[in-house]
Amino acid sequence: MTENNPVPGTVAEATGPAPEKRRGRRGAPHVHESHLVSQILREIMGGGAVRTILAIFCGFVVGAILIAATNEDVIEAAGYFFQRPGDTLGAAWTAISNGYGALFRGSIYNADAPDFARAIRPFTETLRLGAPLIAAGLGISLSFRVGLFNIGGKGQLLIGVAFASYASFAWPLPYGIHLIVAVVFGILGAALWGSIVGLLKATTGAHEVIVTIMLNYVAFNLVTYLMRSGFLHDPAAGGHAQTTAPLPSAQLPQILGPEYPLHAGFLIVLAATIFYWWLMERSTIGYRFRAVGINPDAARTAGMNVPRIYVLAMASSAAFVGIAGVNQTLGRSTGVTPTIDAGIGFDGITVALLGGGGAVGIFFAGLLFGAMKAGSPTMQIAEVSPEVLLVVQGVIVLFIAAPPLVRAIFRLPSASPDGPIRSFWRGLTSRKSDGK
């Protein structure tokens, strides 16, 4: 006779197992659920998404401090802080709320607008300005995942601008066809320029950082020359370096009508984002890119042609950056100047880092930085220096690049390499080995 197997007819049989055992059997699932919830929370808090959100939060906190520190009312009230500290704090709160309120009105929704159509116009500006940043971020991120550091975005963008611009005014073609030809020509031009970097690295071992920096200078001066006195020059511009305006058949159409500057370039970037996800996560060449990025020696041992992959990777990286150039060139009805890159080539590095290499992350990182560009003029009207947003961007990247720093400040747990969410997602998306 045991406690778990009571003798028939006894009290133990009638009352069932001991109370301690009954609590233990009912409590086991609760213990398991509690442990599972703990694992899920640990995986979420230790994940990259939370760190990214907290890095953005830290960036805006630093921006708020700068807004308050540079505001004249705050400085004046600080002169008698110990007599009336409330004046300083109130002035600081007013300056910060006005500054970030202006950023929201200039990039998302303007509640002061007379109608809804004008109220949402800032958000369309965010989409328009964020599109080239997303494209450049995708290109830079692709090179990162292959183990290459592509900082030649400026040169690749300018070459894409030159190719797309030439096709847009020199080859009159029917509507639809002309636009496609100009877009493809611009992307191919940028890809060709980027492949030079991969070819030099594959054949001579030249470091891609040095090569891309030098090619930035070459591209800028070459394109400037072509715009000033070469075949890209617009005679109507006199001695200024400017291209001929694209023909109407090669201009990207506006999506929401003439009242909004948002054009079809955003749709091209949206398609490029989906293609990037498929390329890096589902295609065979994407698997080889990632394998070379993790360990080129192991990839070579596995039979992969690493030099060839370097060339393909740099060409693909520059092709995405070329989409940004196409967006800048064909999204307007006037010619462009050598400053058309507007820092997008370097901002793409920031977007790629903030996006963490994933298509979704880069898409929203580009929109965030596009929102900052769209809201910057409104913040200047609110007497906030535009340099504040640049500092915010820099601080965000600083915290993104130093995950231990964010974990130490907010006491986050370390990242879990194989948590429940990751395991569930891997099981949901993994292919069945039996081919069913």
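Residues numbered from 1 in each chain as written. Predicted model: local features only at pLDDT ≥ 70, side-chain atom pairs only at ≥ 80, totals over all residues. Heavy atoms only, no water.

## A word on unusual backbone geometry
A positive phi angle, near 50°, is found at Ala-342, a position not held by glycine. With respect to the helices and strands, Ala-342 occurs in the loop between helix 14 (306-330) and helix 15 (344-355). Given the relative accessible area of 45%, Ala-342 is considered partly exposed. Here the phi dihedral of Glu-383 falls at roughly 65°; this positive angle occurs in a residue that is not glycine. The residue Glu-383 is located in the loop between helix 16 (359-381) and helix 17 (387-401) in this model. (Helix = DSSP H or I, 4+ residues; strand = E, 2+ residues; numbered from the N terminus. Buried < 20%, exposed > 50% of the residue type's maximum accessible area, 1.4 Å probe, protein only.)

## Section: the confidence of the model for the protein chain
Scored by pLDDT, the protein chain comes out at a mean of 86, with 87% of its residues at no less than 70. Within the protein chain, the element-level pLDDT minimum falls on helix 1 (residues 11-15), averaging 44, and the maximum on helix 11 (residues 265-281), averaging 96. Confidence drops under a pLDDT of 50 for residues 1-24, and excluding neighbours within four residues, the segment shows 10 contacts in the predicted structure. Scored below 50 in pLDDT, residues 432-436 makes 0 contacts in the model with residues more than four places away or belonging to other chains. (pLDDT = per-residue confidence, 0-100. Contact = heavy atoms within 4.5 Å.)

## Some thoughts on the packing of aromatic side chains
By the definition in use, this model includes 14 aromatic pairs. Residues Phe-81 and Phe-82 carry aromatic rings whose centres are separated by 5.4 Å and whose planes lie at 80° to one another, so their mutual orientation is edge-to-face. Phe-81 gets classed as partly exposed once you look at its relative accessible area, which sits at 32%. What links up through ring pairs into an aromatic cluster is the set Phe-163, Tyr-166, Phe-169, Trp-171, Phe-185 and Phe-231. Taking the ring centre of Phe-220 as reference, the NZ or CZ of Lys-154 above it sits at 4.7 Å. (Phe/Tyr/Trp six-rings, centres within 6.5 Å; stacked < 30°, edge-to-face > 60°. Lys NZ or Arg CZ within 6 Å of the ring centre and 35° of its normal.)

## Here's the deal with the pattern of salt bridges
Throughout the structure, instances matching the rule amount to 8 salt bridges. Measuring nitrogen to oxygen at the nearest pair gives 3.3 Å for the salt bridge that ties Asp-87 to Arg-84. Between Glu-281 and Arg-145 there is a salt bridge, with the nearest N and O atoms lying 3.1 Å from each other. In this pair, Glu-281 sits in helix 11 while Arg-145 sits in helix 7 (residues 121-145), placing the two residues 136 residues apart along the sequence. Assessed through its relative accessible area of 29%, Glu-281 is described here as partly exposed. (Salt bridge = Lys/Arg side-chain N within 4 Å of Asp/Glu carboxyl O.)

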